[in-house]
Each structure stands twice: as structure tokens, then as C-alpha cells.
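Here is how the chains run, residue by residue.
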Amino acid sequence: MPSKSMLVVLGFCTGLVFFGINIAVINFNCLVAPEQPLALLDWRRVGDEMEITLLGETLHLSLDNPWPGDILPNRVWPDSAEREKIIEQAGELCRDGLDEVSRRLVPVQHKVREVIGWP
């Protein structure tokens, strides 16, 4: 079982790798091929497909059937009224969750202020 410090170091190293790749992509676009810029990650909708580009490799996903392989062939997308209701419920859950987190952080904030010596 990896320890927390190992996971932190792994995350840090992964972040450094992606930072280095990003710097290399920026310099490549400026110096080598400014007329055809390379994107680290790019996605856009093209007609009825989603086009995802990762370091020059492009993947096309069909938006007609969101479940590849017909896992759920009879899936029906909600209409706009249902979508609005779902968005409203998600907003309420998020708000309630934020209120709960804020309520639980108050004692921690007081303890930190006490330790640091802030008023």
C-alpha cells in the first residue's frame, strides 16, 4: 500500500512532466510550426461528433449514441424541462454540500487562528 508521501511525490512528478510537455508544445508552436499549432489537449464539436485531440492524435466520438456498444440501447435523453429540473436539483445538492463543508470548517478555522495567534 503506497504511503501518502509516495502519492504526493508521484503527483508532483506527474505535474512536472505535464508542465515540461506544455512548455515544449508552446516553444514548438512559436519556433517550429506556427502555421499549424500543436495543442496539448483540445476538444470541439464537429457536426454530430466530438473531436478530441491529444498531442496531435485525434479521436472522433459520435454524439448520436452516447453508449458505445449499445450498452443501453433504449436510452432516452431528458427533454429541456427535465434537464432544467436536474440542473436545479444538482445546484441545491451542491449548495447544501458547500453549506455543510463551511459549517464543519468553522471550528478548524478557529483552531488555526488560535495556533497562529490571529484575532
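Going by the structure above, here's the rest.
Residues numbered from 1 in each chain as written. Predicted model: local features only at pLDDT ≥ 70, side-chain atom pairs only at ≥ 80, totals over all residues. Heavy atoms only, no water.

A. Quick peek at the side chain of Glu-51. Positionally, Glu-51 belongs in strand 2 (residues 49-54). Among the polar contacts listed, one links the side chain of Glu-51 to the side chain of Arg-44, at a separation of 2.6 Å. Those residues in contact with Glu-51 that sit more than four places away from it in its chain are Asp-42, Trp-43, Arg-44, Val-46, Thr-58, Leu-59 and His-60. (Helix = DSSP H or I, 4+ residues; strand = E, 2+ residues; numbered from the N terminus. Polar contact = N/O pair within 3.5 Å; in protein donor to acceptor, adjacent residues only side chain to side chain. Contact = heavy atoms within 4.5 Å.)

B. Focus on a negative patch on the surface. On the surface, a cluster of negative charge is contributed by Glu-84, Glu-88, Glu-92, Asp-96 and Asp-99. Positionally, Glu-88 belongs in helix 2 (residues 80-116). Given a relative accessible area of 53%, Glu-88 falls into the exposed group. (Patch = residues over 30% accessible without salt bridge, like charges linked within 9 Å, V, L, I, M, F, W, Y side chains within 5 Å. Areas by Shrake-Rupley, 256 points an atom, 1.4 Å probe, with all protein chains shown as cover. Salt bridge = Lys/Arg side-chain N within 4 Å of Asp/Glu carboxyl O. Lys, Arg positive; Asp, Glu negative; His and termini not counted. Charge placed at Lys NZ, Arg CZ, Asp CG, Glu CD. Buried < 20%, exposed > 50% of the residue type's maximum accessible area, 1.4 Å probe, protein only.)

C. Seen up close, the pairing of strand 1 (residues 41-46). Pairing of strand 1 with strand 2 involves 6 bridges; the strand directions are antiparallel. Residue Asp-42 lies in a different strand from strand 2, and its bridge partner there is Thr-53. Between the end of strand 1 and the start of strand 2, which pair antiparallel, lie 2 residues, with Gly-47 showing a positive phi angle near 65°. (Pairing = 2+ DSSP bridges.)

It is worth stressing that arrangement in space is one thing and function is another; only the former is reported here.
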